[in-house]
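# A structural walkthrough
If you want the building blocks of each chain, they are given just below.
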Amino acid sequence: KAGVTQTPRYLIKTRGQQVTLSCSPISGHRSVSWYQQTPGQGLQFLFEYFSETQRNKGNFPGRFSGRQFSNSRSEMNVSTLELGDSALYLCASSSSGTPAENTEAFFGQGTRLTVV
Amino acid sequence: AQKVTQAQTEISVVEKEDVTLDCVYETRDTTYYLFWYKQPPSGELVFLIRRNSFDEQNEISGRYSWNFQKSTSSFNFTITASQVVDSAVYFCALSEERDDKIIFGKGTRLHILP
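Below you will find a few notes about this structure.

### Here we look at the interface of chain A and chain B
On the side of chain B, 20 residues touch chain A, which itself brings 24 residues to the contact. Both faces combined, the contact of chain A with chain B buries some 1,800 Å², and carbon together with sulfur accounts for 53% of it. Between the two partners, chain A and chain B, sit zero salt bridges. There are four residue pairs in polar contact (both at pLDDT 80 or more) connecting chain A and chain B. When residues of the side of chain A that touches chain B are traced back to their parent elements, those giving at least two are β4 (31–38), β5 (42–50), β6 (53–57) and β9 (87–94) of chain A.

Right under this line is the structure:
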């Protein structure tokens, strides 16, 4: 069974540009969550999608957005990049999306975004 | 509000020593879930354990053990007879039943010295 796949693994962008990151969850999983990891703030929840609907959102500005497709694949978009957006972006997939029903969330290896 | 505190930023021990990673959490919910994840240098988060708030039994899995105490809001993780391969960043995390997001602690970087 393939794991969670995130592409690309590494990305370098310039301030002001926009970027799209992709996450393919484990087959059969319908929930995809995104997290940002930085040395200063640690791991922070961005948003969660379930069956193409955003169910939960963290405290990030509107420049951060996402979507989920009918095959459960998800994309995350960051517009007008800032230097502080440099981070490891992790995606997690789980089967049904609620902690009560899930035994665990499976994480991808992440996309390391560097903004210069 | 949800909060997870891992007071130990970095720990170094010599191989074969036992080491305990502390985790204290805050939540107003009666139903919640606690997790430990390991993050090796490769970056992905590796699931270690999930505990629900109604199950205070300690758990042992090989060299790993977890001590869940609701009275002190703690969920500590012990590695017995540590090995160099245990070197990683370990995250304690919390999720409430009414919410799907996982709140992570800042992590503890563990160095196992040969």
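Now that the structure has been shown, we can carry on.
### Thoughts on the state of the cysteines
Taken as a whole and assessed by the stated rule, the structure comprises two disulfides over all chains. Here Cys23 of chain A is linked by a disulfide to Cys91 of chain A, with a sulfur-sulfur distance of 1.7 Å. Every disulfide takes its handedness from the sign of the S-S torsion; for Cys23 of chain A and Cys91 of chain A that torsion is -50°, giving left-handed. Taken as a pair, Cys23 of chain A in strand β3 (residues 19–24) and Cys91 of chain A in strand β9 lie far apart in primary sequence, 68 residues in all. Across the pair, Cys91 of chain A and Cys23 of chain A agree in class, each one buried. The side chain of Cys23 of chain B participates in a disulfide bridge whose partner is Cys92 of chain B; the two sulfur atoms lie 1.9 Å from each other. Judged by the sign of its S-S torsion, about -65°, the bond between Cys23 of chain B and Cys92 of chain B is left-handed. Of this pair, Cys23 of chain B sits in the loop between β3 (19–21) and β4 (24–26) while Cys92 of chain B is found in strand β10 (residues 88–96), placing the two residues 69 residues apart along the sequence. For the residue pair Cys23 of chain B and Cys92 of chain B, the accessibility class agrees, reading buried in each case.

Rules of the game
- Residues numbered from 1 in each chain as written.
- Chains lettered and ligands numbered in written order.
- Predicted model: local features only at pLDDT ≥ 70, side-chain atom pairs only at ≥ 80, totals over all residues.
- Heavy atoms only, no water.
- Contact = heavy atoms within 4.5 Å.
- Buried area = accessible area lost by both parts, 1.4 Å probe.
- Salt bridge = Lys/Arg side-chain N within 4 Å of Asp/Glu carboxyl O.
- Polar contact = N/O pair within 3.5 Å; in protein donor to acceptor, adjacent residues only side chain to side chain.
- Helix = DSSP H or I, 4+ residues; strand = E, 2+ residues; numbered from the N terminus.
- Disulfide = S-S within 2.5 Å.
- Buried < 20%, exposed > 50% of the residue type's maximum accessible area, 1.4 Å probe, protein only.

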